[in-house]
Structure formats: C-alpha cells, structure tokens
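Examination of the molecular architecture
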Amino acid sequence: MSLDWIYWAISWILLLWHSAWDAIGVSADAVLGTNWSWILAIIFLVVTLRVILFPIFVKQIKSQRAMQALQPQLKALQEKHKGDRETLQKEMMELYRKEKANPLMGCLPIFLQAPVFIGLFHVLRRLDPANQGKTRYGWTVEQFESATHARLFDVPIAGKFGSSAAELARLNASGVSVKVLAGVLVAIMIATTYLTSRQMILKTGWAEDPQQRMIQRLMLYGIPASLLVSGAIFPIGVVIYWVTNNLFTLGQQQWVLRKYPPPPTATMGRLPKPGESAPRRTTATGSRRSTDARNPVQSGKPAKPAGRFGRSKANGAQPEKPAVDTKALAPKPGAKPVNPKKGRPAKRQG
C-alpha cells in the first residue's frame, strides 16, 4: 500500500503553516541562529493534528473509565478461572462485549498519530541538497532549499545524531554541534514520552486485565526504551515534532483528567507496581488513623482520663472526688436509726 497520500498531506499542512508565518511577518532569516518560520510550522503541525484527534482522545478517556468500572468483575473472573487462561480470556471478552468496553481504545490515538510521524520522518529525511526530487509532494524548489538550510540554534533541522560526515558536509554543519543538540532533544523526547504515560497511569492505576496491563507496561517502559536507540536516526525536525507532541499531550491529559476524574477506587498518589493492590485511604493530613485513636478499647490499651477540653490533666493535679450518692446513704424503711454518736466517750464535765 502506497503512503504517498500521507506524504502529500503532511507536506501540505507543513507548507501551509510556513506560508502563514511568512504572511504574518515572521522573518525567514535566522534569529538567534533559528529559522522560526520552519520551527513554528512543525509545532503547529502538532497543534493541527491534536485538534483533529481531540474527540478521539476524549473517547479514549471515557473508555478507560469504563475499563476501571469493570475492574472488580475482572478480578473476580481471574480468581474464578485461575490457571485456565483460555476460559479467562473468553469470559473477559464476553464481559467487554456486554459492557461495550474496548481495552485497545487506549492505544487508538497513538495508532492514528503513527502515520503522521512516519510521513513527517519521510518528508524531513528528504531535505538533502543532493536530492533531485525537490518538487515532489507539492514542494517548490525555493521551499525545498529554504527548509534544507533551516536551522535551530545554528544546527540544521535535517541533521541527526547519526549523520555521516558526507551528510554533514552537504548540510554545512558541525558534527559536534549536531550531536550535542540532537542528544539533548532525544533525552527530552524520552523523558516526556515516559511522563505522558506515567501521568495517565498515576491517575487511573494499573489495570486488572493482563492484556490492558501489558499495554500499559509497553507505553510506560517499552516505547521510551526504544527511543534511546531509534532517536539516533531521527532528524532534529522530527524530534522537535515528538517533543512538542509530548508537551501538548501532558497539558491535554491534565485538563481531561480534571474534567473526567477517575473513580475513587483507582490507585492514586503514586505509581504502583503491576499487581500491587491500592494503598489504604489516608486522612486529610496524609497519615493513616491509628487504631488507638479510633477505638482505645479494641487496641487493648486503657483509655487515659481526659481533662478539661478533652486534654489530660497536668502532672501533679489532684484527681476529682467521686460524687456522693445521697440516696444510697439514706436508711431503708423500718430500719433502726443509726446513732452516729454512739460509742463515743462522754465529755467530762468540769
């Protein structure tokens, strides 16, 4: 299947934004060693894509909420069919069908963004002065030459960490400068990729479904690890696109997670390990209540007498005398009166 339609679409959006910034008055010349019209064109390519995919992103969040609501039922199925993986998978798929939940919905935005990334990678990889097909995908020779010499802090956006000496010579670039800038951007790309996945899992917790949990692990650890190797072949322009996309995702997820908060049963506050149960709820001050504070009798410790305003008395204070029950001291009906003076020696009369 030919991907030319993707290359045409990416080129059209990129050139449209470049022309828009030129029309606004952004200089085509380098400012601070940067051709901002091309850098902004790449950034707003991300904005265009994310605006188009925003409804799908909201559906992704709602699907994750539906999956969270099914966690107790999934856990019960795992306990019921422990050791029978085939039956467990059938029961889970039946549950998903019945509740209209899709565990793969969480990866849909990534799958839809993948063709755009591939298209941009192909388009920017062609930015080589030795390329003879300069007018392909709707480019003019002038636009191609301008993009080929576009720079970020005096480093060509067509350069990459693994550029050969011949490629660097054609781009009139320093190998050290390209490697330093590309290395920094790749490190930022890896860190922001990890943070976008961590942000989501931190709010929703690890899934009970093994398939869903495997996807979470892949997004959290697998993709950032793969970028450590593949980042060396990405042109700097592609890395700019990826970093911008990650930053946009962090902000968008923060807004959506506030608008559609996860259920209170989800694990929050820290990133739990796969299979770890949710931590006990804490008090408003962030600490667990002790058993003694809730019920001193159950704790086995005698309750301390409370003083004034609920506080224990200071050391040295006299304990209060018990109240006297006058009814208990009164004689019973028919009983002989008790003479309190009986038995005392008579006073001597002087």
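Preceding block: the structure.
The notes below deal with the structure included here. (Residues numbered from 1 in each chain as written. Predicted model: local features only at pLDDT ≥ 70, side-chain atom pairs only at ≥ 80, totals over all residues. Heavy atoms only, no water.)

1. Let's talk about the packing of helix α1 (residues 4–24) against helix α2 (residues 36–69)
Here is the rule: Interaxial angles span 0 to 180 degrees and are taken between N-to-C directions of axes, which are lines fitted to C-alpha atoms, for helices over the stretch in contact. The helix count covers DSSP runs of H or I at least four residues long, the strand count covers runs of E at least two residues long, and both are numbered beginning at the N terminus. Angles below 35 degrees are treated as roughly parallel, those above 145 as roughly antiparallel, those between 65 and 115 as roughly perpendicular, and all remaining angles as oblique. By definition, any crossing whose near helix is turned counterclockwise from its far helix by less than a right angle is left-handed, and any crossing with a clockwise turn is right-handed. Any two residues having at least one pair of non-hydrogen atoms within 4.5 Å are treated as being in contact.
Direction vectors running N to C along α1 and α2 enclose 125 degrees, while the axes themselves pass 8 Å from each other. By the angle between their axes, α1 is oblique relative to α2. Note on packing geometry: the crossing formed by α1 with α2 is right-handed. Across the interface between the two elements, I10, I13, L14, L15, W17, H18, W21 and D22 from α1 touch S37, W38, L40, A41, I42, F44, L45 and T48 from α2.

2. With respect to a nonpolar patch on the surface
Selection rule: Like charges are joined within 9 Å and nonpolar side chains (Val, Leu, Ile, Met, Phe, Trp, Tyr) within 5 Å, but only among residues with over 30% relative accessible area and no salt bridge; these make up the patches. Areas reported as accessible are Shrake-Rupley estimates using a 1.4 Å probe. Residue values count occlusion only from the protein chains shown. Salt bridge, as applied in this entry: a Lys or Arg side-chain nitrogen positioned within 4 Å of an Asp or Glu carboxyl oxygen.
The grouping of V176, V180, V184 and I188 at the surface amounts to a nonpolar patch, some 340 Å² of accessible area in total. With respect to the helices and strands, I188 occurs in helix α8 (residues 175–204).

3. Here we look at the pattern of salt bridges
Side chains bearing opposite charge may pair, as long as their charged atoms lie close to each other. Put simply, the rule reads: Accessible area is worked out with a 1.4 Å probe on protein chains only. A residue is then buried under 20% of its type maximum, exposed over 50%, and partly exposed in between.
Counting across every chain of the model gives five salt bridges. The closest approach of N and O atoms between K90 and E86, which form a salt bridge, is 3.7 Å. One end of the pair, K90, and the other, E86, are both in helix α4 (residues 85–99), four residues apart, so they sit about a helical turn from each other. The same class applies to K90 as to E86, namely exposed.

4. A closer look at the packing of α2 against helix α10 (residues 236–259)
In a packed pair of helices, the relevant descriptors are the angle between the two axes and the axis-to-axis distance. Inclusion rule: Residues are grouped as follows: Ala, Val, Leu, Ile, Met, Phe, Trp, Tyr, Cys and Pro are nonpolar; Asp, Glu, Lys and Arg are charged; all remaining types, including Gly, are polar.
Two numbers describe how α2 lies on α10: the axes approach to 9 Å, and their chain directions differ by 40 degrees. Classified by the angle their axes make, α2 and α10 are oblique. Considering the relative orientation of α2 and α10, their crossing is right-handed. Of α10, the residues touching α2 (which contributes I39, I42, I43, L45, V46, V47, L49, R50, F54, F57, I61 and R65) are G237, I240, Y241, T244, N245, F248, T249, Q252, Q253, W255, V256 and L257. Partitioned by chemical class, the residues of the contact of α2 with α10 number 16 nonpolar, six polar and two charged.

5. Overview of helix α3 (residues 71–80)
Put simply, the rule is: This arc is built from the directions going out from the helix axis to the C-beta atoms.
Residues of α3 that are buried: Q71, L74, L77 and Q78. The buried residues of α3 occupy one face: seen down the axis, they fall within an arc of 120 degrees. Exposed residues on α3 whose side chains face more than 90 degrees from its buried face are P72, E79 and K80. Considering only its buried residues, α3 is in contact with α2, α4 and α9 (210–230).

6. Some words on the nonpolar core
Applied cut-off: Throughout this description, the term nonpolar core refers to a set of buried Ala, Val, Leu, Ile, Met, Phe, Trp, Tyr and Cys residues connected via side-chain atoms within 4.5 Å.
Formed by 49 residues in total, the largest nonpolar core has its most connected members in W139, F234 and Y241. Those elements that place two or more of their residues in this core are α1, α2, α5 (108–125), α6 (141–148), α8 and α10. For this core, the element with the highest residue contribution is α2, accounting for eight residues. Grouped together as the second largest cluster of nonpolar side chains are nine residues, L74, L88, L95 and Y96 included.

7. Quick look at α4
Quick reminder of the rule: By this rule, a helix spans an expected 1.5 Å times one less than how many residues it contains.
The end-to-end C-alpha separation of α4 is 21 Å, in line with the 21 Å expected for 15 residues at 1.5 Å each. Listed as buried for α4 are L88, M92, L95 and Y96. The buried residues of α4 occupy one face: seen down the axis, they fall within an arc of 100 degrees. Across α4 from its buried face, at more than 90 degrees, point the exposed residues E86, K90, R97 and K98. Those residues of α4 that are buried lie in contact with α2, α3 and α9.

These figures capture arrangement, not role.
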